[in-house]
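In case you want the letters, here they are:
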Protein chains: 2
Amino acid sequence: MTADLSRFSINQMTVKQLLLPELVAACGQLGVGRVGLWREPVQEYGLTGTAKLIREAGLTVTTLCRGGFFTAIDPVERSRALDDNRRAIEEAATLGTDTLVLVSGGLPPGSKDLRAARERIADALAELGPFADDHGVRLAIEPLHPMYASDRCVVSTLAQALDLAERFPAHQVGVAVDTYHIWWDDQAPAQIARAGAGGRIHTFQLADWITPLPEGVLDGRGQIGDGAIDMREWRGYVEAAGYTGPIEVELFNEELWARDGREVLAETLERFHSAFL
Amino acid sequence: MTADLSRFSINQMTVKQLLLPELVAACGQLGVGRVGLWREPVQEYGLTGTAKLIREAGLTVTTLCRGGFFTAIDPVERSRALDDNRRAIEEAATLGTDTLVLVSGGLPPGSKDLRAARERIADALAELGPFADDHGVRLAIEPLHPMYASDRCVVSTLAQALDLAERFPAHQVGVAVDTYHIWWDDQAPAQIARAGAGGRIHTFQLADWITPLPEGVLDGRGQIGDGAIDMREWRGYVEAAGYTGPIEVELFNEELWARDGREVLAETLERFHSAFL
């Protein structure tokens, strides 16, 4: 294992205080060649403008976040979600990334049926997989930490994500491996091997686990090295499973967002380096 | 399934605003015959005084919470933890309960090694199991929700808890099945069957899952019926696994604690009734 910085990708959310041109400039200054983007800031700057900016800077877009939210029962909501995901796939293609990350959705209001919600995700993937394929985009189901199971994502483990993904061809549907969501799970290493064997590790993301968790538990992801997760160990699992792609750092953290974005990017790069020395 | 109220047990923490004599009186008024106790309020009132009060009221103590915190590396801390657990076992025996619930402990400062921490739990159980047995007390490893894995309990799933428990005789070490901690886990039903087949379901506890989670994620457990968990389903699993013991409601909830404790107890009983009609 080396701290090969060419593997590093900065997810836009980590430094969301930077406007897109600022992010691109900071990447240029620090020699960062890869970024993960989010739909909202891309739309704010403009899709074609973003694509042009990124292309001209010679940056690679490793992932687009995010599609998903497939669990609605109401047919109108459901069809709206599918439409929105088709737009997300088109946006991914325009931005030149081959990977759209999916946050699959929580329980619809009043429902307590996790299994049925997971089946509705499979139904949506059956519709979207071929459409994504046509656009050269792969869907990456991201298992979210079980603390998000009711309100954000009923897919809580890599095993569940793979149970869904494996119903479809690997070039249509795979998984996102994010240390923050799976680090506690003693079954995850074996599931990473399963994902790798099937060619389904579509992205590998890092964030560290720090406590206390903030209210709502969304914006408490730790800078690499600040928390409980052994990053070398997890990178070892994905590499043993054959993954040689980008390693994206995606942090949601109020304290990082309050700081100068270029400084946070430089720190993140340095932490990435130290984690894999 | 019936809403048989003789199965109901109120965990003291649910109504921690009630002093012990108030709790005992409220149980008498509402026909509640079973309580789960916590060490701190018992010690505050006095151990022998509590035992006498409970005995004279004809109440059954279903569990004592909690032993555990076995993950320290430092030998002095470790030996202090074992001593404290021996006291907890003696207290359980004095209170007339056969079950001590264990919260096993998080990662020690600076450590990122979940596996090693779990092994230290096994080491502690090997020392404490026979001591508990001598006192007529069974240890119940409680898997805590994965959101507590770093700072409270490195045992995050029923499967992990059983992997530990099964190294020891069932009358020494079993598991605590608490809906709040396992509801998201699609492997939990099979693990409940495994636990039941081995005679290792030492307690069954209910709390509902509500969001948003509060800062620190400790005191946001929902009143039965307020959240995402299908209580009938989970009771069905433990009963299919042969469990016929008490069903204890254990809520940590700031809003419930701010209300009149007798009113909360009556509401909890009513919610229990409605959940299993």
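Looking at an unreviewed UniProt entry, one finds chain A named Xylose isomerase, with Streptomyces roseochromogenus subsp. oscitans DS 12.976 as its source organism.

A. Looking closely at the overall build of chain A. When helices and strands are counted, chain A shows 11 helices and 10 strands. Against the 2.2 N^0.38 benchmark of 19 Å for 277 residues, chain A shows a C-alpha radius of gyration of 18 Å, consistent with a compact globule. Expressed along its principal axes, the backbone C-alpha trace of chain A runs to roughly 45 × 40 × 40 Å. For chain A, restricting intrachain contacts to residue pairs at least 6 apart in sequence, the fraction spanning at least 24 positions comes to 81%. For chain A, the computed accessible surface area is about 10,200 Å², with 50% contributed by carbon and sulfur atoms. In chain A, 26 positive and 40 negative side-chain charges are present, and the distance between their average locations comes to 3 Å.

B. Up close: unusual backbone geometry. All names here are of chain B. Here the amide bond leading from cysteine 65 into arginine 66 is cis, since omega sits at -5°, within 30 degrees of zero. Following the sequence through the fold, arginine 66 ends up in strand E3 (residues 60-68). For the bond running from threonine 211 to proline 212, omega is 0°, close enough to zero to count as cis. Tracing the backbone shows proline 212 in the loop between strand E8 (208-209) and strand E9 (221-222). Here phenylalanine 69, not a glycine, exhibits a phi torsion of approximately 55°, which is positive. Positionally, phenylalanine 69 belongs in the loop between E3 and helix H4 (75-95).

C. The arrangement of the packing of aromatic side chains in detail. Residue and element names in this part refer to chain B. Applying the stated rule across the entire model yields 17 aromatic pairs over all chains. The interplanar angle of 35° and the centroid separation of 5.9 Å between the aromatic rings of tryptophan 183 and tryptophan 209 together place this pair among those described as tilted. Of this pair, tryptophan 183 sits in the loop between helix H7 (179-182) and helix H8 (188-197) while tryptophan 209 is found in strand E8, placing the two residues 26 residues apart along the sequence. The class of tryptophan 183 is buried, set by a relative accessible area of 3%. Classification of tryptophan 209 as buried rests on a relative accessible area of 1%. Between the NZ or CZ atom of lysine 16 and the centre of the ring of tryptophan 257, over which it lies, the distance is 3.9 Å.

D. Layout of the relation of the copies chain A and chain B. Note on the copies: chain A fits chain B at an RMSD of 0.0 Å, the axial shift is 0.0 Å, and the rotation between them is 180°. What we have between these two chains is a two-fold relation. Closest approach to the rotation axis within chain A is made by the C-alpha atom of A:Glu215, at a distance of 1.9 Å. Of all interface residues in chain A, 100% are interface residues in chain B too; the two copies therefore contact each other through one and the same surface.

E. Molecular detail of the pattern of salt bridges. Residues and elements named next belong to chain B. Applying the stated criterion across every chain yields a total of 38 salt bridges over all chains. Here lysine 52 makes a salt bridge to glutamate 56, at a shortest N to O gap of 3.2 Å. With a gap of four residues between them, lysine 52 and glutamate 56 both fall in helix H3 (residues 47-56), about one helical turn apart. What makes lysine 52 partly exposed here is its relative accessible area of 43%. Across the pair aspartate 178 and arginine 221 runs a salt bridge whose closest N-O atoms are separated by 3.8 Å. Taken together, the positions of aspartate 178 in strand E6 (residues 173-178) and arginine 221 in strand E9 put the pair 43 residues apart, joining distant regions of the chain. Of the two residues, aspartate 178 and arginine 221, both sit in the buried class.

F. Molecular detail of the interface of chain A and chain B. Taken together, the contact pairs 33 residues of chain A with 33 residues of chain B. Both faces considered, chain A and chain B share a buried interface measuring about 2,500 Å² in area, 56% of it formed by carbon and sulfur atoms. The largest per-residue losses of area from chain A upon contact with chain B belong to A:Lys112, A:Trp183 and A:Trp184, which jointly make up 23% of the total buried on that side. Our count for the chain A to chain B interface comes out at two salt bridges.

G. Region of the structure containing the pairing of strand E4 (residues 99-103) of chain B. Residues and elements named next belong to chain B. Burial runs high along E4: five of the five residues are buried. Of the two faces of E4, both are covered, the one formed by Thr99, Val101 and Val103 as well as the one formed by Leu100 and Leu102. Bridge analysis of E3 against E4 gives four bridges, and the strand direction is parallel. The residue of E4 that forms the bridge with cysteine 65 is valine 101. As a crossover connection, the stretch from E3 through H4 into E4 is right-handed. The pairing of E4 with strand E5 (residues 138-141) spans four bridges and is parallel. Directly across from leucine 102, in E5, lies its bridge partner isoleucine 141. Read as a crossover between parallel neighbours, the route from E4 over helix H5 (residues 114-134) to E5 is right-handed.

H. Representation of the UniProt feature "domain: Xylose isomerase-like TIM barrel" (unreviewed entry) in chain A within the structure. In the numbering used here, UniProt assigns the feature "domain: Xylose isomerase-like TIM barrel" (unreviewed entry) to residues 38-267 of chain A. With 45% helix and 17% strand, residues 38-267 of chain A has its two end C-alpha atoms placed 21 Å apart.

I. Looking closely at the pairing of strand E1 (residues 8-11) of chain A. Residues and elements named next belong to chain A. Because side chains alternate across E1, one face comprises the buried residues Phe8 and Ile10, and the other comprises Ser9 and Asn11, equally buried. Relative to strand E10 (residues 247-249), E1 runs parallel, the two sharing three bridges. Looking at E10, one finds that serine 9 is bridged to glutamate 248. In this structure, E1 lies alongside strand E2 (residues 34-38), joined through two bridges in parallel fashion. Paired with asparagine 11 across the bridge in E2 is glycine 36. Tracing the backbone out of E1, into helix H1 (residues 20-30) and back to the parallel element E2 gives a crossover that is right-handed.

So, how was this worked out
- Sequence positions are assigned chain by chain, starting from 1 and proceeding in written order.
- Chains and ligands are labelled sequentially in the order written, the chains with letters from A and the ligands with numbers from 1.
- Only residues with pLDDT of 70 or above have their local features reported here, since the model is predicted, and side-chain atom pairs are shown and tallied only from 80 upward, although totals for entire chains, interfaces and linings are computed over all residues.
- Hydrogens and waters are ignored; side-chain quantities use all the structure's heavy atoms.
- Starting at the N terminus, helices and strands are each numbered in turn, a helix being any DSSP run of H or I of at least four residues and a strand any DSSP run of E of at least two.
- Our radius of gyration is a C-alpha quantity, and the globule rule it is checked against amounts to 2.2 Å times the number of residues to the power 0.38.
- The contact criterion used is simple: two residues touch if any of their non-hydrogen atoms lie within 4.5 Å.
- Residue burial considers only the protein chains on display, and all accessible areas are found by Shrake-Rupley using a 1.4 Å probe.
- In this tally Asp and Glu are treated as negative and Lys and Arg as positive; neither His nor the chain ends contributes.
- Think of each charge as sitting on NZ of Lys, CZ of Arg, CG of Asp or CD of Glu.
- Two aromatic rings, drawn from Phe, Tyr or Trp (for Trp, its six-membered ring), form a pair once their centres lie within 6.5 Å of each other, and the interplanar angle then sorts them: stacked below 30 degrees, edge-to-face above 60, tilted otherwise.
- Only protein chains enter the area calculation, which uses a 1.4 Å probe; residues under 20% of their type maximum are buried, those over 50% are exposed, and those in between are partly exposed.
- Criterion for a charge above a ring: Lys NZ or Arg CZ within 6 Å of the ring centre, and within 35 degrees of the ring normal.
- Copy-to-copy alignment: least squares on C-alpha atoms, limited to residues at pLDDT 70 or above in both.
- Criterion for a salt bridge: a side-chain nitrogen of Lys or Arg within 4 Å of a carboxyl oxygen of Asp or Glu.
- The term buried area refers to how much accessible surface (probe radius 1.4 Å) is lost by two components on association, counted for both of them together.
- In short, DSSP must find at least two bridges between two strands for them to pair.
- Here the term right-handed applies to a crossover when the path leading from its first strand over the helix to its second strand runs clockwise, the strands being oriented away from the viewer.
- UniProt positions are given in the numbering used here, feature names are shortened, and annotations may be inferred rather than shown by experiment.

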